[in-house]
Amino acid sequence: MIKNRNEILSFGDVKAKDIALKIAEYAIAKADPYRVVKESVRVEDGSIIVEGNTFELGGEVYVVAIGKASCPMAKAVEDLLEDRIGDGIAVTKYGYSMPLSRIEVIEAGHPIPDENSVRGAERALKIAKKVGREDLLIVLVSGGGSALFVMPEDGIGLEDKIRTNELLLKSGAKIHEINTVRKHISKVKGGKFVKGVKGTVLSLIISDVVGDNLEVIASGITARDPTTFEDAHRILKLYSIWNEIPESVRRHIELGMRGLKEETLKEDLKNVHNFLICSSKKVCEFALEKAEKLGYPAHIVTSTLEGEARHAGTVIASMVQEIWKNDRPFKKPSVLIFGGETTVTIAGKAGKGGPNQELALSSAKKISKLRGCCIASIDTDGTDGPTEVAGGIVDSYTAELLESKKIDIDEYLVDHNAYEALKIAKGLIYTGATMTNVNSLVIAVILA
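Cut-offs and rules
Residues numbered from 1 in each chain as written. Predicted model: local features only at pLDDT ≥ 70, side-chain atom pairs only at ≥ 80, totals over all residues. Heavy atoms only, no water. Helix = DSSP H or I, 4+ residues; strand = E, 2+ residues; numbered from the N terminus. Expected span 1.5 Å × (residues − 1). Buried < 20%, exposed > 50% of the residue type's maximum accessible area, 1.4 Å probe, protein only. Arc of directions from axis to C-beta. Contact = heavy atoms within 4.5 Å. Phe/Tyr/Trp six-rings, centres within 6.5 Å; stacked < 30°, edge-to-face > 60°. Lys NZ or Arg CZ within 6 Å of the ring centre and 35° of its normal.

Spanning 18 residues, helix 12 (residues 309-326) covers 26 Å between terminal C-alpha atoms, matching the ideal 26 Å at 1.5 Å per step. If you check which residues of helix 12 are buried, you get Ala-309, Ala-312, Gly-313, Ile-316, Ala-317, Val-320 and Ile-323. End-on, the buried residues of helix 12 take up no more than an arc of 130 degrees, which puts them together on one face. On its buried face, helix 12 sits against strand 10 (298-305), strand 11 (334-340), helix 13 (355-363), strand 12 (373-379) and strand 15 (440-446).

The next thing to look at is the packing of aromatic side chains. Overall, the coordinates contain 2 aromatic pairs when judged by the stated rule. When the ring of Phe-149 is compared with that of Phe-193, the centres are 5.4 Å apart and the planes differ by 85 degrees; the resulting orientation is edge-to-face. In this pair, Phe-149 sits in the loop between helix 6 (145-148) and helix 7 (158-171) while Phe-193 sits in the loop between helix 8 (175-183) and strand 8 (200-206), placing the two residues 44 residues apart along the sequence. An identical accessibility class is assigned to Phe-149 and Phe-193; each is buried. Positioned above the aromatic ring of Tyr-419 is the side chain of Lys-352, whose terminal nitrogen or guanidinium carbon lies 4.0 Å from the ring centre. Cation over ring: Arg-371 sits above Tyr-397, and NZ or CZ is 3.8 Å from the ring centre.

Counting through the fold element by element, Thr-342 comes out in the loop between strand 11 and helix 13. Relative accessible area serves as the criterion here: at 7%, Thr-342 is assigned to the buried category. Setting aside residues up to four positions removed in sequence, Thr-342 forms contacts with Leu-305, Glu-306, Gly-307, Glu-308, Ala-309, Ala-312, Pro-355 and Leu-359.

Okay, structure coming up:
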């Protein structure tokens, strides 16, 4: 999975880095979307059984898959249901498609939506309208769905939605805050997609958000939404972008606050059943399992890591330092596991990088000369921010190496240019598209 393993292991704390990479590869492989669908669903005696819940297959079956993991999830459903599927659509990120026999595939823009994001949503709505009372609609939801599944409200153009999305991504807003705004300028998010569906809806969800709130994952296309137009307005004000967003978006939100625009779904629908089948928590457990198989004491510190990436990196490095120097709170050797989603707030100059690269680079100085230590931070989808790499890895030699090359780590962090620094330190991690998205995974290895 890690394409540049040999380069990463060409110097430094090779043993520690090898352990971290093996743990990461195992955890991501275990979270394979095809695998988790097949483990969660079975078909027998004319019924489909999802995590112990039985639903009759009396009528037609339709499939709508949204997100970076939509193709392998859809492939699993095809293999389970075969010719029972009447129609279906899978909308995924460019480069993430795979051949399907009964379900159409559309590639679309991520993290910035494009015309194909709209085309996919239109196609999905047409399928949803075909679902009769005896029929079954299977919705497969995974990370990235918010950008890949787009239908702006009347009066809001795609360019206006894109501009709003860009401002939110750069503002440092948390994913649930970004999705609150997205839901209130969309015709399909916030449960609106399933409002008019007559038949039974089974939604299988792979979470890419901290806390696994169903209304946040892919902007909650099949879940009720507790947020309001007032919340969207408050968030845009909080991050000082209310006056920068397009006029059409401001006007829609203002009308919504006056009760003149449709709110998101506010009640649980009896015909809609949501199942969370994989999440950051599970990936951390997979990582723990692999570390213990390798013979190292391991600890899941949290599966809900949040905050500025560089600050998170400093905190994690501080824990590594405490264990290495003082054997507390755990004795070395130890493996620390973190799952979650950090953010990067762009306030000025923006170089090249992503949250995982920034987290890794920010930890390098604090673990400098702590021989036998490394910290790897990886986005499980294989793409960290707007780059082609999954994340970064540093060890006790990284800071010394960069210093010898006249690279000022703090300067590169201020310029959000972690990619270039890690490239010099042979600390970039390349996986390619993993076809899944279950938050980021951080692994710290502290050897004796």
